[in-house]
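These are the residues of each chain, in order.
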Amino acid sequence: MPRVLVIEDEIELREMIKTSLIRRKYTVLEAANGKDALSHFKPSMTDLVVTDLIMPEEDGLKVIMKLKELKPSLKIIAISGGGKAGPGGYLNLAKALGAHAVLSKPFSINDLISKIEELLSPEQEN
Amino acid sequence: MKPKEKQPSGRDAKKVTSHEKEISDNIINHSRSMISVINKDYIYEKVNLAFCNAHNITIDQIVGKSLADIWGTQTFYDFIKNNIDRCFSGETIKYEASFETPGYGVRYFEVTFRPLNIEGNGITYLLAETFDIHDTKQREIEIREKEQELKKLATNLPIGIVRCLPDGSIIHANRAFLDIMDCYDENSIKKANFRSFYPQDFLFDIQCEQLLEKHIVNFGRVSLHDCIGKEISCRISGFLAFDSTSTNSFLDFVVEDATRELMLENRLIQAQKLETIGALAGGIAHDFNNILTTISGYSELIMEDLPQNSEISEKVSKIQGAVLRAKSITNQILTFSRQVEQDKIAVSVGEVLSETMGFIKSSIPSNIVVQSKFFQNDVKVLADPTQLFRVFINLMTNAIQAMEEHGGTLSVTMEVIEGKLVKNQLNKDIVADEYVFITFKDTGKGMEPSVLSRIFEPFFTTREIGKGTGLGLSVTYGIISEMEGEILVSSKREEGSEFFVYLPVARQYIVNEIFTGPKKKILFIAGNKHESRMLSMALENTGFDLLYVSDRQGFVKAFSSGENNPDLIIYMTESGQVKPEDFMNIYLQNKADAPCIIITNQNCSIFEEKLLNSGIVKQHLVKPVSLKEIKSAIQLSV
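Fair warning: this is a prediction, and the values are worked out from it, not measured in the lab. Throughout, residues of each chain are indexed from 1 in the direction in which the sequence is written. Throughout, the order in which chains and ligands are written sets their labels, letters from A for the former and numbers from 1 for the latter. Local features are withheld for residues below a pLDDT of 70 in this predicted model, meaning they are given only at 70 or higher, and side-chain atom pairs are given and counted only at 80 or more; totals for whole chains, interfaces and linings count all residues.

Caption draft 1: A look at the packing of helix 19 (residues 580–589) of chain B against helix 20 (residues 606–613) of chain B. All names here are of chain B. Think of each axis as a best-fit line through the C-alpha atoms, taken over the contacting stretch in the case of a helix, with angles from 0 to 180 degrees between the N-to-C directions. The helix count covers DSSP runs of H or I at least four residues long, the strand count covers runs of E at least two residues long, and both are numbered beginning at the N terminus. Between helix 19 and helix 20, the least distance of the axes is 8 Å, while the angle of their chain directions is 30°. When the axis of helix 19 is compared with that of helix 20, the two are roughly parallel. Contact residues: helix 19 offers Pro-580, Glu-581, Phe-583 and Met-584, while helix 20 offers Phe-607, Glu-608 and Leu-611. Considering only residue class, the contact of helix 19 with helix 20 consists of five nonpolar, no polar and two charged. Angle categories are assigned with fixed cut-offs, so that under 35 degrees is roughly parallel, over 145 is roughly antiparallel, 65 to 115 is roughly perpendicular, and the rest are oblique. Each residue gets a C-beta atom placed from its backbone, and two residues are in contact if those atoms lie within 7 Å. Gly is put with the polar residues, along with every residue not named as nonpolar or charged; the nonpolar set is Ala, Val, Leu, Ile, Met, Phe, Trp, Tyr, Cys and Pro, and the charged set is Asp, Glu, Lys and Arg.

Caption draft 2: Fine view of the sheet that holds strand 3 (residues 48–52) of chain A. All names here are of chain A. Between any two strands, at least two bridges found by DSSP are needed for them to pair. What the five strands build is an open sheet, ordered 2-1-3-4-5; its pairing is parallel. Both outer strands of the open sheet, strand 2 (27–31) and strand 5 (101–104), are each paired with one neighbouring strand and no more. Pairwise comparison of adjacent strand axes, ignoring direction, gives a mean angle of 20° for this sheet. By the bridge criterion, four bridges tie strand 4 (residues 75–80) to strand 5 in an arrangement that is parallel. Considered in strand 5, the bridge of Ile-79 is made with Leu-103. Where helix 3 (residues 60–70) meets the sheet, it contacts strand 1 (3–7), strand 3 and strand 4, and its direction lies at approximately 160° from that of strand 3.

Caption draft 3: Just unusual backbone geometry, in detail. Residue A:Pro106 is bonded to the preceding A:Lys105 through a cis peptide linkage, with omega at -5°. Here A:Pro106 is to be found in the loop between strand 5 and helix 5 (109–120). One non-glycine residue, B:Asp182, lies in positive phi territory at about 55°. Mapped onto the fold, B:Asp182 is located in the loop between helix 7 (175–180) and helix 8 (186–191). Even without being a glycine, B:His215 presents a positive backbone phi close to 75°.

Caption draft 4: Representation of the nonpolar core in the model. Judged by nonpolar contacts, the single largest core of 95 residues is most densely connected at B:Val349, B:Val381, B:Phe392, B:Val436 and B:Ile525. Per-element accounting of this core gives the leading share, 10 residues, to helix 13 (residues 385–403) of chain B. Apart from residues no more than four positions distant in its own chain, B:Val349 is found in contact with B:Val379, B:Val381, B:Met414, B:Val436 and B:Leu503. A:Val4, A:Val63, A:Leu93 and A:Ile109 belong to the second-largest nonpolar core, a separate cluster that totals 36 residues. Among buried residues, those of type Ala, Val, Leu, Ile, Met, Phe, Trp, Tyr and Cys that are joined through C-beta atoms within 7 Å form a set called a nonpolar core. Exposure classification rests on a simple neighbour count of other C-beta atoms within 10 Å of a residue's own: a residue reaching 20 or more is buried, one at 12 or fewer is exposed, and one in between is partly exposed. C-beta atoms are placed from the backbone.

Caption draft 5: The environment of B:Leu334, seen in detail. In this fold, B:Leu334 is placed in helix 11 (residues 311–336). Residues B:Leu334 and B:Ala279, 55 residues apart in the sequence, show an inter-C-alpha distance of 9.2 Å.

Caption draft 6: How the structure looks around the interface of chain A and chain B. Across the boundary between the two partners, chain A contributes 24 residues, which contact 23 residues of chain B. Breaking the side of chain A that touches chain B down by element, the ones donating at least two residues are helix 1 (11–23), helix 4 (90–96) and helix 5 of chain A. If one sorts the elements of the side of chain A that touches chain B by residue count, helix 1 of chain A sits on top with six residues. Grouping the constituent residues of the side of chain A that touches chain B by class yields nine nonpolar, 10 polar and five charged.

Rendered as structure tokens:
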């Protein structure tokens, strides 16, 4: 089954995403912040990353850049509930840095799951 | 030479020795004045050396010549003859005149003609003494010019200057002071007392005491009353001055109009305050969004475990409804704190304004009149049209609410003004050469200054608890700031309020992000064509065909021509003619399979909730929705 890494500092939210994904038979790896995620990241063990953007330690935008370096084919979904507005807004920046999809909080968990399914579907994998 | 002449009356005449004559000749010749003796025929009888030097000729060349020969006929008749005649009749004449002198050009002289009565034979000669006062005169003229210049400076400076006596009675006030004080009668100010400009007498007395003690005092900003009784903020400095004898003292005041300074300062404080609140509220909203995601996520998981339409699932859907309402509030806070990304396209302000006015007019009481004057119509700004619609709706709704009780007029104007003007008026950096300037003026109940200064703060409301969240104007402020525009307000109790909106004119047009793939058909169901027009404006060029229906029949008809079935349905539930239960029935009857996006108000009706639980709805949005939200809902749905 595909392996999804969830990087989110808010523990309840992370738990909720994890529960939903396990229910859909995904293997879930989790990290409480960007620094943890990067230090334990195994490219061969991860197919997709869901990452928050505003986090302590290492912020999400840097995490996206570093993950892209470590595994260019990695699928990334960025989630955020704040950040700056405008063209320099966090979600827009995440997109520009290579996130395949972005969702602003609060989002529907089903929307997140359909995004994940879409990104991991065979036609997306080339 | 003729010592007798030195004795005016000639009564004590005595023989003059040649020694004495030499002395007197020396005195006369070394005088710096031109001295001459003139007879009744206007002929020079005698002249001194100074005279010769001034005319650069010898004594012989002058003596025996007439004054007309020496000074010219014109000068003689115009300036000299009459004075000489008067002198011969016994008068001593003294006057100032300027004459052309050889080698020195025109110079100023002081001329004295003194009658000479020699040996009691009557006035036969006169003594002319002409003193060169050119340098003194020149200095005098310079001083006078400087004085004039200083006077002009004091008059033309935008700084008021007032001199008064220690009791406050005004001795002198310059033009600028009259202007600042809105006084058009120069004479009345001279009778006035400076004390009368102070809201309380004792304030002037305190300043007076300080001045008498310290001589120079900067009083800072003082609130005065001008001639028509209006309060005006002035920056005042005082100086203690004395007259030349040091016996009488004066109080000199320098008065500057500080209205603009005060206005700019208040605006800065206001903006800083709103920024601080924004940062704080934005942070809270961010945390709330995390929590809301968890709540909505778990409720979705619970929903999956429950059979549809069960009692518990209805309760869980209430949780989801509450999450959406909370989301709408956090979203508004984030909009205020400029933390929501806006999808901006070039929008015609006139079009959005007209749509909003159409929308408003359909629901206002008959005692309120809405009038508008657009000086330019086809000007575009970069904005999310739905957000701009919100800005205008909020401002107009506020105006109408202020007039609800007694009725009145809402006047809307729009014009394009130069960026330079905005820079001067607002003292802010400009981002465009031109700005759209929109005003909303009502004749409602107006606001107290204490309300006015807090009007853009989130959750600040004058309405009763439960009526309105107090976010409307905060959101308006946030949207306008995000557009790099500016909003100002002025208000007077019982007279009304006026909002001024400045929006930078779009320099380059950003083309709407185009959805890829074949053109999709969207069926848009809304009771109000204004709202649908706003949406179509937003979705222009995005690769969608928008079909708008407002009633039941239209909705049914949309399914009748089989192959033209919509790819997506957007349903604004507050559409009057298409009720949620109708929507569900028609949808199911036609075996439609298009995904639905439902846009509801914050509080859902029972039927709306039923519809939401029916499984038809793919996305549920709560008003107010932004272009970005609609776009991402569409993307997630198709």
